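Chain by chain, the residues run as shown.
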Amino acid sequence: MVFATALFAVHRDTGGAFRSGRAPTPQKDEEDFRSLSFTDNVPFGDTLRAKGYSYFCVFIIHLFFSKRKRLRKLSRIFFFRQAQNTRMGLIFIRTTIIFITLLAIMRMMGKRQIGEMQPYELVITLIISELACIPMADNSIPLLYGIIAILTVFVLHQIVCVIDLKFTAAKPIISGTPSIVLNKNGVDDSQLKKNNLNVSDLIESLRVEGIFSLDAVEYALYEAEGAFSALPKKGFESMQTSLPIILVNEGKFDVKNVEKTERNTDYYLDVLRRNGCKDEKKVLIMTVDGNGKVYLQKKGQRYKVIHLHWEKPLW
C-alpha cells in the first residue's frame, strides 16, 4: 500500500500519466525531469538517475512516516503535493544525506580536524564543503556523484595522514614546522617574514597571551597550524609596569605615538644616535612605555633596554 501510494504520487508530480491514462513518452518525461532540476544543459540520463536516487530516499522516509497516522498527511503534503513541493522535498532529503555523510567523514578524520588544523587539513575541509554544496542545491547532479567525491577526498586525507606520520622527512613539507620568532637575542625578523608577519603582529599575539613587553619573553613561536605560544621570563609581571607603544616599526616612525609621549622625532633620533644608530631606517623595532623604558632592536642585532630620564610617568 505504501509503495503504491509513493509510486502514484511520483507519477502524479511527473506529468500525471496514470491519471490521464496515457502512456508516458520520453519527451514528456525529459521535460518533467528538467523542470525539477533547475537546469537545461544536463544529460537526460544523469537527471534520471539523480531523480531516481532522490525518490528512493523519499520512499524510505514515506515508509517511515506512514506508520504514524499524524505524520502520513504531512508526508504527502511535503513530499508529493506539487512539483514545487517535490523540489523542496528532494533538496531536503539530499541535504540530509550529505549532512550525515559529512558528519561521519569529519568524525573519522579525528579531533584535530574539528579544532586546530594543519594546512593540508584546512584545504581538504574547504574542498569537502564545496563538494557538499553542489549536489545539495542542484537536483540534476546524481547524489551518488557528490558522495563519491567526498569519500575520495577522505581517502586522500587518510593517505596524507599516513605519509605525515610514517615518513619524518615528509612532515615538514606537508605540515610545516614551528617558527621561533622571538628568542634571547630579540625579534627574529627573518622568521616573521617567512610567515608573512611583521613585528606588529607579534606584539599583538603577545598581548593576547597577557605579555606587553618584548623584553619579558624568553621565547615565542608560531606553530605549523598558526597557534601562538610564548615562554615568559621569570617574574615578567614586574617587568611590565606600563603599557609600551611602538615608536619605530621597521624603519618608520609612528608619528601619532610619538606625539603621545609629548616629544618629537628629533628627540628620539638623538636617543638613537647615542646608542649607535644613525637614523631610524636601521631600526627593526623601538617601543617606549609610560615610565620611559625603551626596547630598541636594530636590524640583525641583539636588542637593548634603555631607561630615559623623564620627570614623571606619562601614562
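Quick note: structure is the one above.
Residues numbered from 1 in each chain as written. Predicted model: local features only at pLDDT ≥ 70, side-chain atom pairs only at ≥ 80, totals over all residues. Heavy atoms only, no water.

## Overview of the side chain of Ser205
Move 1: Looking at where Ser205 falls in the secondary structure, it is placed in helix H11 (residues 199-208).
Move 2: You can call Ser205 buried: its relative accessible area is 16%.
Move 3: Not counting residues up to four positions away in its chain, the partners in contact with Ser205 are Tyr222 and Phe228. (Helix = DSSP H or I, 4+ residues; strand = E, 2+ residues; numbered from the N terminus. Buried < 20%, exposed > 50% of the residue type's maximum accessible area, 1.4 Å probe, protein only. Contact = heavy atoms within 4.5 Å.)

## Some words on the nonpolar core
Move 1: Within the largest apolar cluster, 21 residues are counted, with the highest numbers of intra-cluster contacts made by Leu182, Val187, Leu202, Leu206, Leu214, Ala220 and Ile285.
Move 2: For this core, the secondary structure elements donating two or more residues are strand S1 (179-183), H11, strand S3 (217-222) and strand S7 (283-288).
Move 3: Excluding residues that lie within four positions of it along the chain, Leu182 makes contacts with Val187, Leu202, Leu206, Leu214, Val217, Glu218, Tyr219 and Ala220.
Move 4: With 18 residues, the next largest nonpolar core counts Ile245, Leu269, Leu272 and Leu308 among its residues. (Core = buried A, V, L, I, M, F, W, Y, C linked by side-chain atoms within 4.5 Å.)

## A closer look at the packing of aromatic side chains
Move 1: If you walk through the whole model with that rule in mind, you get 3 aromatic pairs.
Move 2: Summarising the aromatic geometry, the rings of Tyr267 and Tyr268 are spaced 5.0 Å apart at their centres and angled 90° between planes, so their arrangement reads as edge-to-face.
Move 3: For Tyr268, a relative accessible area of 0% corresponds to the buried category.
Move 4: Their ring planes at 15° and their centres at 4.9 Å tell us that Tyr295 and Tyr303 sit as a pair that is stacked. (Phe/Tyr/Trp six-rings, centres within 6.5 Å; stacked < 30°, edge-to-face > 60°.)

## Topic: the environment of Thr241
Move 1: With respect to the helices, strands and loops of the structure, Thr241 is situated in the loop between strand S4 (228-232) and strand S5 (245-249).
Move 2: Spatially, the C-alpha atoms of Thr241 and Lys293 are 9.8 Å apart, while their sequence positions differ by 52 residues.
Move 3: A polar atom in the side chain of Thr241 sits 2.9 Å from the side chain of Asn291. (Polar contact = N/O pair within 3.5 Å; in protein donor to acceptor, adjacent residues only side chain to side chain.)

## Description of the pairing of S7
Move 1: Counted residue by residue, S7 has 6 buried out of 6 residues, so it is predominantly covered.
Move 2: In this structure, S5 lies alongside S7, joined through 4 bridges in antiparallel fashion. Residue pairing in the sheet places Val248 in a bridge with Met286 of S7.
Move 3: Where S7 and strand S8 (residues 293-298) come together, 5 bridges link them in antiparallel fashion. Directly across from Met286, in S8, lies its bridge partner Leu296.
Move 4: Following S7, the chain reverses through 4 residues before pairing antiparallel with S8; Gly292 in that reversal takes a positive phi of roughly 90°. (Pairing = 2+ DSSP bridges.)

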